[in-house]
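# Working through the structure, step by step
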Amino acid sequence: MRSRLATAVLAAAALLTSACASDEDQPLTDAQGRWVDTFCAGVVPGLKAGQELQRQDPANPAAIKTAYLKLVTDNATAFVTSGHKLKEIGPPSDELKDVHERTLKYLDESAKSYQAAEKPITALAADARFWDNAEKVLTETSQVSAPEQLRATFDALEKSPKYAAAVTKSASCSTLKATQ
């Protein structure tokens, strides 16, 4: 699950730097820094829940189910919250309007996917097949068109001197980086 979550979470980061080349030599604005921090903050809760899920004893399906449901609900909530905050911040520059819109779309699709998965996963039996069945539900309810873009976005942020500084200053991005 962690690899699926990490892939999904970091796809929006490739979106950001794909449009940043022309404003690279300009100083990072407060809005751009807040945008980066808000994006990373939207990913951290689900990542932490995913780590907790990975720590569960495979012999305890009830604990796995509880942790899996926390992962689903934490991701849904975090993606909705992050999307709302990014809408409030708006695109940090004219060059980032497309990146901003694609990121909002990704967050919306992700939140809807996790929200759609919650009820069917809750209905699953907490038995030895729970994990596989929950993964199947999550796959079936996924509305995300390109989850691999999140990882590429985060990598691109780190490669850009301008945005690498924002990633370094952001406690949320530092948390993400430390858990990779």
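Here's what I pulled together on the structure shown here.

Rules behind the numbers
- Residues take numbers from 1 onward in each chain, read along the sequence in its written order.
- Since the coordinates come from a predicted model, pLDDT governs what is reported: local features require at least 70, and pairs of side-chain atoms require 80 or more to be given and counted, while whole-chain, interface and lining totals use all residues.
- Here the side-chain values reflect all heavy atoms present in the structure, with hydrogen atoms and water set aside.
- Secondary structure elements follow DSSP: runs of H or I no shorter than four residues count as helices, runs of E no shorter than two count as strands, and numbering proceeds from the N terminus.
- Note on exposure labels: buried denotes an accessible area under 20% of the residue type's maximum, exposed denotes more than 50%, and partly exposed covers the range between, all computed with a 1.4 Å probe on protein chains only.
- Here, Shrake-Rupley sampling with a 1.4 Å probe gives the accessible areas, and only protein chains in the shown set may cover a residue.
- Under this rule, positive means Lys or Arg and negative means Asp or Glu; His and the chain ends count for nothing.
- Here a salt bridge means any side-chain nitrogen of Lys or Arg lying within 4 Å of a carboxyl oxygen belonging to Asp or Glu.
- Every residue pair with non-hydrogen atoms within 4.5 Å of one another is taken to be in contact.
- In plain words, nonpolar cores are sets of buried Ala, Val, Leu, Ile, Met, Phe, Trp, Tyr and Cys residues tied together by side-chain atoms within 4.5 Å.

Right, let's get into the overall build of the protein. When helices and strands are tallied, the protein shows nine helices and zero strands. Sequence-ordered secondary structure for the protein, helices as α and strands as β, is α-α-α-α-α-α-α-α-α. Going through the 180 residues of the protein one by one, you find that 49% of them count as buried. Summed over all atoms, the accessible surface of the protein reaches about 8,600 Å², with 52% contributed by carbon and sulfur.

Within the secondary structure, lysine 65 sits in helix α4 (residues 61–89). Buried charge lysine 65 goes without a salt bridge, the closest partner of opposite sign being aspartate 127 at 8.9 Å. Discounting chain neighbours no more than four positions away, the residues touching lysine 65 are Ile121, Thr122, Ala123, Leu124, Ala126 and Phe130.

Moving on, we get to the nonpolar core. With 35 residues, the main nonpolar core has Tyr68, Ile121 and Phe130 as its most contacted residues. Residues within four places of isoleucine 121 in sequence aside, it is in contact with Lys65, Tyr68, Leu69, Val72, Phe130, Ala134 and Val137.

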